[in-house]
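Listed below, chain by chain, are the residues.
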Amino acid sequence: MVPFYERRLEFNLSSFAMKLVSLQRFIKIVSMLNSGIQTSIEVLKALIRIPSFSREEAAAADFLQNHIEAQGMTTERKGNNIWCLSPLFDVQKPSILLNSHIDTIKPVSGWKRDPFTPSQENGKIYGLGSNDAGGSIVTLLHVFLHLCRTQQPYNLIYLASCEEEISGQGGIESVLPGLPPIAFAIVGEPTEMQPAIAEKGLLVIDVTATGHAGHAARNEGDNAVYKALNDIVWFRDYRFEQESPLLGAVGMNVTQINAGTQHNVIPDRCTFVVDVRSNEWYSNEELFAQIQQHIVCEAKARSFRLHSSHISVEHPFVQRAIRLGRKPFGSSTLSDQALMPFTSVKIGPGCSSRSHTADEYMLVQEMEEAVVLYLQLLDKLVLS
């Protein structure tokens, strides 16, 4: 029989060896993350240098496609959308989509810096699109390149889409039919790495009131503005019954109005635009049908495409996020989630309040934390 002290020594040596292996693995992971973050920072700066307004993303798409292929990946492209599948793709496994967008708005007034010259100061990377959504584009890519080469219970698809800022039909909507079936998606947008498990949809309605022109001095005609007023007041005051604990009530706002040709002519036509933000209790079609029952003026919906989205708090990804200290919330801002017919969560580095502002920036620390958290959320995640 092996003496107890020898068995204890063998156990201690074995334990030490295991800890040493774990330490070496930890050091390797830290080294990989540090190297990856530096690469991600350089890619982000390169993207900032390339103007990529909606429908004008070709140069940015070229750069990103070349960069991904330089990492040994095979890419596919449609328009200015770039995507790639994990090299270990298995049709028997569910697929997770990692998505963010490469397009930006045009610079708003008030920039004190050149929006297309990236500068790194005090831990901040300044430049147009750095926050919305360059930080997500590069950190999701880094996570994809790491996880797609490891054995996971799912496939990964990385998609850098275009035309997100205008919900264009040449963006993600044109790509999804050609992708393998998606079980779940992560949409990279600036949420401070908190998971948005619900997102409001958008319905834009053009409303027209029709009257008869006449001379204002003789009080002739049928004033279309007055006809529009009652409906405008209804849009202001009406409340839909179903409210969401995450998204609140359906929101309706009259945002544009136009009438008249000159001061002495009674207007025979008045048009106004209504911005409707839907919650998960109503489809856009249902909202439009109810609205038509309450108003007198002619109404036309521009599109029903941009639906509200919602995922159960019991979903494995959401549950893992909660265990990691994340706080699920409902988002009022629109993203490509609205065009996804599968479950998704919006989560990414940066802060939504920095989007579409002058001197936009991304914190390096936010990118570092995003990579770590994305890996913690995704590594060995079982969807069912």
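Scroll up for the structure.
Notes on the structure follow. Keep in mind the model is a prediction, meaning the values are calculated, not measured. (Residues numbered from 1 in each chain as written. Predicted model: local features only at pLDDT ≥ 70, side-chain atom pairs only at ≥ 80, totals over all residues. Heavy atoms only, no water.)

## A word on the overall build of the protein chain
Thinking step 1. Per the secondary structure count, the protein chain includes 8 helices and 18 strands.
Thinking step 2. Principal-axis analysis of the C-alpha atoms gives the protein chain an extent of 115 × 45 × 40 Å.
Thinking step 3. Per-residue burial over the protein chain gives 49% buried out of 384 residues.
Thinking step 4. At a minimum sequence separation of 6, the contacts of the protein chain that also span at least 24 residues come to 80%.
Thinking step 5. For the protein chain, the exposed surface amounts to about 18800 Å²; the carbon and sulfur share of it is 53%.
Thinking step 6. Side-chain charges of the protein chain comprise 33 positive and 41 negative groups, with the mean position of each set lying 6 Å from the other. (Helix = DSSP H or I, 4+ residues; strand = E, 2+ residues; numbered from the N terminus. Buried < 20%, exposed > 50% of the residue type's maximum accessible area, 1.4 Å probe, protein only. Contact = heavy atoms within 4.5 Å. Areas by Shrake-Rupley, 256 points an atom, 1.4 Å probe, with all protein chains shown as cover. Lys, Arg positive; Asp, Glu negative; His and termini not counted. Charge placed at Lys NZ, Arg CZ, Asp CG, Glu CD.)

## Digging into the packing of aromatic side chains
Thinking step 1. For the coordinates displayed, the defined rule picks out 10 aromatic pairs.
Thinking step 2. When the ring of F144 is compared with that of Y158, the centres are 5.9 Å apart and the planes differ by 35°; the resulting orientation is tilted. Placement of the pair is F144 in helix α3 (residues 130-147) and Y158 in strand β6 (residues 155-161), with a sequence separation of 14 residues. The same class applies to F144 and to Y158, which are both buried.
Thinking step 3. Each member of the aromatic cluster is reached from another via a ring pair, and the members are W234, F235, Y238, F240, F272 and Y282.
Thinking step 4. The ring of Y126 carries R113 above its face, with NZ or CZ at 3.6 Å from the centroid.
Thinking step 5. One cation-aromatic arrangement involves K124 over Y361; the distance from NZ or CZ to the ring centre is 4.5 Å. (Phe/Tyr/Trp six-rings, centres within 6.5 Å; stacked < 30°, edge-to-face > 60°. Lys NZ or Arg CZ within 6 Å of the ring centre and 35° of its normal.)

## Notes on the pairing of strand β13 (residues 269-278)
Thinking step 1. Counting buried positions along β13 yields 7 of 10 residues, so the element is predominantly enclosed.
Thinking step 2. Strand direction decides the pairing type here: strand β11 (residues 251-259) and β13, joined by 8 bridges, are antiparallel. Residue pairing in the sheet places V254 in a bridge with V274 of β13. (Pairing = 2+ DSSP bridges.)

## Some thoughts on helix α6 (residues 284-294)
Thinking step 1. Regarding α6, the residues found buried are N284, L287, F288 and I291. Down the axis of α6, the smallest arc covering the buried residues is 95°, so these residues share one side.
Thinking step 2. Lining the buried residues of α6 we find β9 (201-210), α5 (224-237), β11, β13 and β14 (298-301). (Arc of directions from axis to C-beta.)

## Observations concerning the packing of helix α7 (residues 316-323) against helix α8 (residues 364-378)
Thinking step 1. Closest axis-to-axis distance for the α7/α8 pair is 9 Å, and the angle between their directions is 130°. When the interaxial angle is binned, α7 and α8 end up oblique. Read as a crossing pair, α7 and α8 show a hand that is right-handed. Facing F317, R320 and A321 of α7, the residues of α8 in contact are Q376, L377 and L378.
Thinking step 2. For the contact of α7 with α8, the residue count by class is 4 nonpolar, 1 polar and 1 charged. (Axes fitted to C-alpha atoms, helices over the stretch in contact; angles between N-to-C directions. Parallel < 35°, antiparallel > 145°, perpendicular 65-115°, else oblique. Left-handed = near helix turned anticlockwise from the far one by under 90°. Nonpolar A, V, L, I, M, F, W, Y, C, P; charged D, E, K, R; others polar.)

## Overview of the pattern of salt bridges
Thinking step 1. Under the defined criterion, the tally for this structure stands at 12 salt bridges.
Thinking step 2. A salt bridge links R77 to D62, with the nearest nitrogen and oxygen atoms 2.6 Å apart. Of the two residues, R77 is situated in strand β1 (residues 76-78) and D62 in helix α2 (residues 58-70); the sequence distance between them amounts to 15 residues.
Thinking step 3. Classification of R77 by relative accessible area gives partly exposed; the value is 29%.
Thinking step 4. On the accessibility criterion, D62 (36% relative accessible area) is partly exposed. (Salt bridge = Lys/Arg side-chain N within 4 Å of Asp/Glu carboxyl O.)

## Considering the sheet that holds strand β5 (residues 124-126)
Thinking step 1. Spatially, 3 strands are ordered β4-β5-β18 in an open sheet, and the strand pairing comes out antiparallel. Edge positions in the sheet fall to β4 (119-121) and β18 (361-363), since each of these pairs with one other strand and no more. Ignoring which end each strand starts from, the neighbouring axes of this sheet average 25° apart.
Thinking step 2. Bridge count between β4 and β5: 3 bridges; the pairing is antiparallel. Its bridge partner lying in β5, Q120 is registered against I125.
Thinking step 3. Its contacts with the sheet put α3 on β5 and β18, and the angle it makes with β18 is roughly 40°.
Thinking step 4. Running over the sheet, α8 touches β4, β5 and β18 and is turned about 55° from β18.

## Brief notes about the pairing of strand β7 (residues 184-187)
Thinking step 1. Burial along β7 is two-sided: the residues F184 and I186 and A185 and V187 are all buried.
Thinking step 2. Pairing of strand β3 (residues 95-101) with β7, which is carried by 4 bridges, proceeds in the parallel orientation. In the strand pairing of β7, L98 is matched with I186.
Thinking step 3. Bridge count for β7 against strand β17 (residues 344-346) is 3 bridges, and the pairing is parallel. Its bridge partner lying in β17, V187 is registered against K346.

## Observations concerning α5
Thinking step 1. With 14 residues, α5 extends 21 Å from end C-alpha to end C-alpha; this agrees with the ideal 20 Å at 1.5 Å per step.
Thinking step 2. For α5, the set of buried residues is A224, A228, D231, I232, W234 and F235.
Thinking step 3. Of the surrounding elements, those touching the buried residues of α5 are β9, β11, β13 and α6.
Thinking step 4. Sitting at the amino-terminal end of α5 is N223, which places a side-chain oxygen 2.9 Å from the backbone nitrogen of V225. (Expected span 1.5 Å × (residues − 1). Polar contact = N/O pair within 3.5 Å; in protein donor to acceptor, adjacent residues only side chain to side chain.)

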